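Chain residues, written in single-letter form:
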Amino acid sequence: MTTGTTTMTKETILKVEHLSMKFGGLMAINDFSFEAKRGEITALIGPNGAGKTTVFNCITGFYKPTMGMITLSRSNGKELLLERLRDFEINKVAGVSRTFQNIRLFSGLTVLENLLVAQHNVLMKASGYTILGLLGLPTYKNAAKAAIEKAEYWLNKADLTDRADDPAGDLSYGAQRRLEIARAMCTSPELLCLDEPAAGLNPKESLTLNALLRDIRDEGTSLLLIEHDMSVVMEISDHVVVLEYGQKISDGTPDHVKNDPRVIAAYLGVEDDEVEEIEEKLDKGIIEEGAV
Amino acid sequence: MAYTTENNQSGLMAKAIKEGIFAGLIAFGMFLLFVGIETYQDINNQLVWRTRWGLLAVFVAVAAIGRFVTVGFIKPHLDARKLAKAKTGVLEISDKKSFFHRHFLKIALVFLLCYPFLAMLIVGRQGSLKYVDNFGIQILIYVMLAWGLNIVVGLAGLLDLGYVAFYAVGAYSYALLSSYFGFSFWLLLPMAGILAALWGVILGFPVLRLRGDYLAIVTLAFGEIIRLVLINWTDVTRGTFGVSGIAKASFFGIWSFDVGAANNFNKAWGLPSSSVYYKMFLFYIILALCMLTAYVTIRLRRMPIGRAWEALREDEIACRSLGINTVTTKLTAFATGAMFGGFAGSFFAARQGFVSPESFVFLESAVILAIVVLGGMGSLTGIAIAAVVMVGGTELLREMEFLKHIFGPDFTPELYRMLLFGLAMIIVMLFKPRGFVGTREPTAFLKERKAVSGSFTKEGHG
Ligand SMILES: Nc1ncnc2c1ncn2[C@@H]1O[C@H](COP(=O)(O)OP(=O)(O)OP(=O)(O)O)[C@@H](O)[C@H]1O
Ligand SMILES: [Mg+2]
């Protein structure tokens, strides 16, 4: 498994090619292509309404893209075209799991139950699609025990062990975010897509989140991340893609993107002449340019 | 100090009087046409009307005095008690539950097992017929139906307004297959369940793509379609005449309850001939069926499929993102619920000896759903209590002869059953908006099992 983050040339896990998504007359995504590498944290950033969530929804099967191809390479060498899979198969067959911009927990279930629901497909198989489980066969009992152990493992990582038996809706906002990530990880994904995981977190929570995400990456899961919080993005991502009005405006290492005048313009919403100004400054070498 | 309390007192009385008069006025407005005026047919078949001012006055007086007493005395008393409790520091929620509370389920089960014999001991053989049949069996049928619907509505969060269709499928499966082919009850009971489940899948497949209100309307329509088919497919179902002379259930094929049969149960055991024994037998069958429903529901809740149902109720989109096939998950909930409806239906047919489409009107679906909601969606205990209150209550209202002394000899309590049913529902919903049992038992726990407060669970939207 790829655990290291440096040196060896990494294979691509997700390849998005010429993705377009149209809502009525609105071109939310326009001919967007990028790649995410296995074992890396890839960040997708852009101003509000740029179309980031829409890209996620296309990748995870909640929208059928108007055009384009989304290829996922599994570690066993299989290649899957995500836009052809049904929504639940993206997780079940392709091993892609996600979180939501507006948290979607099972708020009336306990924290532990949330993590057990995430292991539905494994447990379903072990229970012989319920029938063998109803008879009380040991295979299911063992699988159920293993599921609880796995849940405990992620509870521990997400620092939620103390709250395991409380309803998920009772958790604080930051804890709910962590639980959503833990729940997504309980499906044993190869690619984890996080939609603004740091939104609404205080600086301390933000730091623990960074650690959690690095931990997940180091255990071999690749991450795709939407984030507005630049401290998170620059700190942990290996690769950044910038989207504006549905089009890619920049793509590269965090340092490269940080200094890309188009990104600065898009983020600060500066006038065109100011962009030129920045570009001039760049030319003069006043602002240090990142690796191209 | 004394001055202010006195002032408060007279202010309170003034308020109580004002609210009492107001309630009386509202009651007058509401009941003027319903109670004050009555239409009837005279000898010439003409529709004429007459007034019932006396009865109307009683209604208005009950409302006005009731409101006066509530505002003036009961509420201050309750408030004072709450205040006193808060001062002494006794919390409302105490951890110590009474013996009755902790062992409620065991006590209830033992009581149910003894119930027919108790009835017989207390009111005699013929007198117990009413208690075993009208109360016992009737309530248990509704308990079973409500527990079946609970899987669909309470666990999976799918609002099904046509549940009675599966009850009908079960009843007609037994009625028709036993009259045409002579199959026995014990063969047809599982078959009726399977057929109902099959119908659940067939109806569910196109319907379950819809969500919320749309699902409710379409299931309602399906319920009506089944009823209309039963009415109009006269060659098979005999239409509105219904199917009569349905075979009784036998004692597992060993003894029969038919009076003329050689292996008659009563004769074999040397019992006097009476239908009570058959009713008692039926009571135990439906009790066993209820227990089966409860057992399967409890077991399924702890299986992945049961958790997926509850997760579906909480958030369908999140379910899909976790790789759960929501279509098949919904279908299994629908089919499982339908299966228990089918069991209950075939039992109903065997008990009644007669089925007609009349028994499967929308009102039945509404009553079953009301029981599920009143009981607290998802809670078996709460639903059972609600069924006892609702079905037992309406049966009791038939017996309320003493109401005639209050409202005059013209008053027929049966006719006001539905009114009182509605009133009871409103009262329960005001005081217990989450139903009798508002909390949810978690299906797994790490350290301790804590009930989940109803304020976190969702009702579902699909
Ligand atoms: N289902 C939809 N129907 C119509 N328009 C949509 C739909 N989903 C998104 N859009 C539009 O597509 C555009 C991109 O939205 P999207 O939610 O992807 O932005 P975003 O980059 O995630 O923004 P934010 O940072 O605010 O989350 C917006 O103009 C939005 O109104
Ligand atoms: Mg977004």
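Computed from a predicted structure; not experimentally measured.

Each helix and strand counted, chain A has 12 helices and 10 strands in total. Counting the 292 residues in chain A, one finds 54% classified as buried. Across chain A, the fraction of contacts at a sequence separation of at least 24, relative to all contacts at a separation of at least 6, is 65%.

Residue and element names in this part refer to chain A. Within the protein, Thr53 (OG1) and Gln101 (OE1) serve as the donor atoms for the magnesium ion (ligand 2), at 1.8 to 2.1 Å. Taken as a pair, Thr53 in helix 1 (residues 52-59) and Gln101 in the loop between strand 6 (96-98) and helix 3 (111-117) lie far apart in primary sequence, 48 residues in all. Since its relative accessible area comes to 33%, Gln101 is described here as partly exposed.

Our next topic: the side chain of Glu83 of chain A. Residue and element names in this part refer to chain A. For Glu83, the position within the fold is in the loop between strand 5 (79-81) and helix 2 (87-92). Here Glu83 sits buried without a salt bridge, and the closest side chain of opposite charge, Arg84, lies 4.6 Å off (N-O distance). From its side chain, Glu83 meets the backbone nitrogen of Ile70 in a polar contact 3.0 Å long. When near neighbours in sequence (up to four residues on either side) are disregarded, Glu83 contacts Lys64, Pro65, Gly68, Met69 and Ile70.

Turning our attention to the site of ligand 1. All names here are of chain A. Looking at ligand 1, there are 14 residues lining it, with Gly49, Lys52, Thr53, Thr54 and Gln101 nearest. Contact between ligand 1 and Gly49: an oxygen atom at 2.9 Å from a main-chain N or O atom of the residue. The contact in question runs from an oxygen atom of ligand 1 to an N or O atom on the side chain of Gln101, over 2.7 Å. Isolated, ligand 1 exposes 640 Å² of accessible area, and the fraction of that covered by the protein chains is 64%. Taken together, the elements giving at least two residues each to the shell around ligand 1 come down to strand 2 (26-37) and helix 1. Here the shell around ligand 1 takes 3 residues from helix 1, the largest share from any one element. Residue classes in the shell around ligand 1 are distributed as 5 nonpolar, 7 polar and 2 charged.

Attention now moves to the sheet that holds strand 7 (residues 191-195) of chain A. Residue and element names in this part refer to chain A. If you trace the 6 strands from one edge of the open sheet to the other, you get 6-7-8-3-9-10, paired in mixed fashion. Two strands lie at the open edges of the sheet, namely strand 6 and strand 10 (247-252), each paired on one side alone. Within the sheet, the average angular offset between the axes of one strand and its neighbour, ignoring direction, is 15°. In the sheet, strand 7 pairs with strand 8 (residues 222-226) via 5 bridges, with the strands oriented parallel. Bridging across to strand 8, Leu194 finds its partner in Leu225. Seen against the sheet, helix 1 touches strand 3 (41-45), strand 6, strand 7, strand 8 and strand 9 (239-244) and runs at an angle of roughly 145° to strand 8. Across the sheet, helix 7 (residues 173-185) lies against strand 6 and strand 7, angled at about 160° from strand 7, the strand it touches most.

Before going further, it helps to examine the interface of chain A and chain B. The partner chain B presents 35 residues to the 42 residues of chain A that form the contact. Across the chain A/chain B interface, buried area totals approximately 3400 Å², and carbon plus sulfur atoms make up 64% of it. Where chain A packs against chain B, one counts 2 salt bridges. In this structure, the salt-bridge partner of Arg320 of chain B is Asp87 of chain A, at a minimum N-O distance of 2.9 Å. The tally of links from chain A across to chain B stands at 6 residue pairs in polar contact (both at pLDDT 80 or more). Looking at the side of chain A that touches chain B, the elements with two or more residues in it are helix 2, helix 3, helix 4 (120-126), helix 5 (131-134), helix 6 (138-157) and helix 7 of chain A. Here the side of chain A that touches chain B is composed, by residue class, of 19 nonpolar, 13 polar and 10 charged.

Analysis parameters
Residues numbered from 1 in each chain as written. Chains lettered and ligands numbered in written order. Predicted model: local features only at pLDDT ≥ 70, side-chain atom pairs only at ≥ 80, totals over all residues. Heavy atoms only, no water. Helix = DSSP H or I, 4+ residues; strand = E, 2+ residues; numbered from the N terminus. Buried < 20%, exposed > 50% of the residue type's maximum accessible area, 1.4 Å probe, protein only. Contact = heavy atoms within 4.5 Å. Donors = N, O, S within 2.8 Å, 3.2 Å for Na, K, Ca; no water. Lys, Arg positive; Asp, Glu negative; His and termini not counted. Salt bridge = Lys/Arg side-chain N within 4 Å of Asp/Glu carboxyl O. Polar contact = N/O pair within 3.5 Å; in protein donor to acceptor, adjacent residues only side chain to side chain. Near = heavy atom within 4 Å. Areas by Shrake-Rupley, 256 points an atom, 1.4 Å probe, with all protein chains shown as cover. Nonpolar A, V, L, I, M, F, W, Y, C, P; charged D, E, K, R; others polar. Pairing = 2+ DSSP bridges. Axes fitted to C-alpha atoms, helices over the stretch in contact; angles between N-to-C directions. Buried area = accessible area lost by both parts, 1.4 Å probe.

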